[in-house]
Amino acid sequence: MADPTNSEIAAAFDELGDLYELDGAIVHRVVAYRNAAKVTRDASVSVAQLTRAGRVTELPGIGATLETKLVALVESGDIPQAVRLRAKFPAGLLEMTRLPGLGPKRARRLYEELGIDSLQALETAARQQRIRDLRGFGARAEENFLAAIARATADADARGGGSGRFVLDRALAIAEPLLELLRAHPASHRVELAGSARRWADSVKDLDIIATADDPRALAEALTGSDLVESIAGLGDNGARVRTHNGMGVDLKVVAPDQFGNVLQHFSGSKEHNVALREAAVKAGLHVSEYGILDDATGETLRCATEEEVYAKLGYAYIPPELRENRGELQAARLEGGAGLPHLITVEDLKGDLHSHTVASDGRDEIEAMAEAAQALGYEYLAITDHSASHGFGDDVSPAQLEEQIERIHAANLAFDGIELLAGSEVNILPDGSLDYPDELLQRLDWVIASVHSSFSLGEREMTERVIAAIEHPWVDAIGHLTGRKIEARPPYALDVARIFEAAARTGTMIEINAAPDRRDLNDVHARAAAQAGVTILVDSDAHRTRTLAASRRYGIATARRAWLTAEQVANTRSWKDFAPLRKRARAS
DNA sequence: GCCGTTTTCGGCCCGACTGTTTTCAGTCG
């Protein structure tokens, strides 16, 4: 039997947590399962393999009991406790608890006292007004259940089974004009984005904006009056809540200047970061909330105008929002002067781009236009890497066409001063791990990036072998968009990334963080693990037109920052003189 | 169920809102 993947194990933990919750377990036990699911999902090594090696308790949040359950899952394919509880509670009951406003306690009473075991049964009972007779429930509860069911159904239809989250670039396309509007308003003082958008997460559910103002009501009305707003859900002296035309919720909170830091910190999250922050504070007799920091010793609440003050009062250096995921940033910021925090890479550190397309394949612009755009960004080098011979959609480049393209790029390189144009290719990794150009053609190029563009559904072992074969190829300098995921649209393919990082580090093959906002692949967790494994990292735009050469950079850099990367850890922050010898082909000759 | 610069046992964040209640449990973020 194949080992369960990390996401399958995480799903099993989530399910068991839900079942235990229905079974009336104490909340901390349920939280332990949800935490273990998250840790497993984020792990860059195979948790099944770690279990077989007897080392799985090295993961934070996995102890002896969960290890026993993991062993059962890996060896028999299931967890005995889950089998038992599935028999006790119908599947529809779990679905009922996912309805907003209905939790495990009340769902279980509906089941035991009225026999309601599905959303369907709940809807029927509510219509028949049978729920109001239950102690603790009323007519209002029936209305709310019916409304929640209707909303859940409508939402599911509207997004065709999606999650209702927005990829970050779409969210920022709303957030940035709104921030500009609010900052330009005469009543406003401070206006900052909070929430997961401020942490540069892959996708966001809604937008949170925190502000201070002379006239809070006037600022709230400025938001509700924006062209972007479709409907107003709330408007008052403390802010406003609106929905934009593309269905995104935006929440503006106007707060007192002396607690702006507390509120901004609180609403920037993440939840995991804040919980860990508060737990650590309690041990020092401090209680943190959005309103301030209550000191047990003095009984007084400290309000902070800035986030810097919040972190300083709690004994930390300032923590950049991208790091606030409870992945070790609190411990690192605790050291003297925050010495454990990395000096994070910025967009300005980039000196070149190693992945771009032109009209030769599926790009929109010519070589010269791409070169000019790269020069405008201050780049010293740009690799033109059009698709290869087997690429579909009529975007394939035959070996003969590539020969011509090499001539064109080299001619353009002579015509441009101050920028090195590399004749390259984004070559397809075929299902058997071979490449779709002959070796002698690959050898003549200045740069080769290899990517998977077909047969996404191979098993983990086959897919891993496929990519490692490319990594071990002498003329492959780098691997493109390693996992193939499209954020909110397509899951990553099955890969053993730990083995791949080992092979890449061993062979000196670079791996890119593809900066396209719907890819960001490597993701933050993988990029951090890759760097720790000794892999040389790139941040590439994968631009298909001049505009995205510039526009995608900040998403790739955001992922690098969320991976704790410094400029030194990203190869294309180096000058051309220092980058050129890092290429595998340069080291081979 | 996890975990240890107050603990190997007894802790394990904080506050708002809701609905059904006369003081609070459940749910959510």
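The following refers to the structure shown. (Residues numbered from 1 in each chain as written. Chains lettered and ligands numbered in written order. Predicted model: local features only at pLDDT ≥ 70, side-chain atom pairs only at ≥ 80, totals over all residues. Heavy atoms only, no water.)

1. Here's the deal with the protein's contact with DNA strand B
- Around DNA strand B sit 36 residues, and of these Gly 61, Gly 63, Lys 69, Gly 138 and Arg 278 come closest.
- The contact atoms of DNA strand B, taken as those within 4 Å of the protein, divide so that sugar and phosphate hold 80%.
- With respect to DNA strand B, the backbone of Gly 101 contributes an N or O atom lying 2.9 Å from a phosphate oxygen.
- Within the side chain of His 287, an N or O atom sits 2.7 Å from a phosphate oxygen of DNA strand B.
- Counting only elements with at least two residues in the surface near DNA strand B, the list comes to helix H2 (27-42), helix H4 (64-76), helix H7 (104-114), helix H9 (139-159), helix H14 (271-283) and strand E8 (286-289). (Near = heavy atom within 4 Å. Polar contact = N/O pair within 3.5 Å; in protein donor to acceptor, adjacent residues only side chain to side chain. Helix = DSSP H or I, 4+ residues; strand = E, 2+ residues; numbered from the N terminus.)

2. Digging into the sheet that holds strand E17 (residues 537-540)
- Within the open sheet, the seven strands sit side by side as E11-E12-E13-E14-E15-E16-E17. Their pairing is parallel. Pairing within the sheet leaves two strands with one partner each, and these edge strands are strand E11 (352-353) and E17.
- With seven bridges connecting them, strand E12 (residues 381-387) and strand E13 (residues 420-428) associate as parallel partners. By the bridge assignment for E13, His 387 is matched with Glu 426. (Pairing = 2+ DSSP bridges.)

3. Brief notes about H7
- Where H7 is concerned, the buried positions are Pro 104, Ala 107 and Leu 110. Looking straight down H7, one finds its buried side chains confined to an arc of 125°; they lie on one side. Residues of H7 that are exposed and point more than 90 degrees away from the buried face comprise Lys 105 and Glu 112.
- Positive phi shows up at Gly 115, right after H7, with a value of about 75°. (Buried < 20%, exposed > 50% of the residue type's maximum accessible area, 1.4 Å probe, protein only. Arc of directions from axis to C-beta.)

4. Details of the pattern of salt bridges
- One pass over the structure, following the stated rule, counts 38 salt bridges.
- For the salt bridge of Glu 192 with Arg 183, the shortest nitrogen-to-oxygen distance reads 3.7 Å.
- We note a salt bridge from Arg 485 to Asp 202, for which the minimum N-O separation is 3.0 Å. Taken together, the positions of Arg 485 in the loop between strand E15 (478-479) and helix H21 (497-507) and Asp 202 in the loop between helix H11 (195-198) and strand E3 (203-204) put the pair 283 residues apart, joining distant regions of the chain. Residues Arg 485 and Asp 202 agree in their burial class; the two are buried.
- It is possible to trace a salt-bridge network through shared partners that takes in Lys 38, Asp 42, Arg 199, Glu 325, Arg 327, Asp 524 and Arg 562. (Salt bridge = Lys/Arg side-chain N within 4 Å of Asp/Glu carboxyl O.)

5. What to know about the sheet that holds strand E9 (residues 292-295)
- If you walk across this open sheet you meet the three strands as E8-E9-E10, and the pairing is antiparallel. Of all the strands in the sheet, just E8 and strand E10 (301-302) have a single pairing partner and so form its edges.
- When E8 meets E9, the two strands line up antiparallel, connected through four bridges. By the bridge assignment, Leu 286 is partnered in E9 with Asp 295.

6. Brief notes about helix H10 (residues 168-184)
- The end-to-end C-alpha distance of H10 is 24 Å, a good match for the 24 Å that 17 residues give at a rise of 1.5 Å each.
- Listed as buried for H10 are Leu 168, Ala 171, Leu 172, Ile 174, Ala 175, Leu 178, Leu 179 and Leu 182. (Expected span 1.5 Å × (residues − 1).)

7. Considerations on the packing of helix H1 (residues 6-22) against H2
- The contact between H1 and H2 brings their axes to 8 Å, and the two run at 170°. The angle between the axes of H1 and H2 places the two elements in the roughly antiparallel class. Here H1 contributes Asn 6, Ile 9, Ala 10, Ala 11, Phe 13, Asp 14, Leu 16, Gly 17, Asp 18, Tyr 20 and Glu 21 to the contact with H2, which in turn contributes Arg 29, Val 30, Tyr 33, Arg 34, Ala 36, Ala 37, Thr 40 and Arg 41.
- For the contact of H1 with H2, the residue count by class is 10 nonpolar, three polar and six charged. (Axes fitted to C-alpha atoms, helices over the stretch in contact; angles between N-to-C directions. Parallel < 35°, antiparallel > 145°, perpendicular 65-115°, else oblique. Contact = heavy atoms within 4.5 Å. Nonpolar A, V, L, I, M, F, W, Y, C, P; charged D, E, K, R; others polar.)

8. Things to note about the pairing of strand E14 (residues 447-451)
- Extensive coverage of E14 is indicated by the burial of five of its five residues.
- Alternating residues of E14 divide into Trp 447, Ile 449 and Ser 451 and Val 448 and Ala 450, and every residue in both groups is buried.
- Two elements, E13 and E14, share five bridges in a ladder whose sense is parallel. If you follow Gly 424 over to E14, its bridge partner there is Trp 447.
- You can see the chain leave E13, run along helix H19 (residues 439-444) and come back into E14, and the turn it takes is right-handed.
- Bridging between E14 and E15 involves two bridges; their strand directions are parallel. Its bridge partner lying in E15, Ile 449 is registered against Ala 478. (Right-handed = clockwise from strand over helix to strand, strands pointing away.)

9. Regarding unusual backbone geometry
- In this model, Gly 269 is joined to Ser 270 through a cis peptide bond whose omega is -5°.
- Looking at the element boundaries, Ser 270 is found in the loop between helix H13 (260-268) and H14.
- Residues other than glycine seldom take positive phi values, yet Gln 129 does so here, at roughly 60°.
- Relative accessible area serves as the criterion here: at 44%, Gln 129 is assigned to the partly exposed category.
- Phi angles above zero are rare outside glycine, and Trp 200 is one such case at about 60°.

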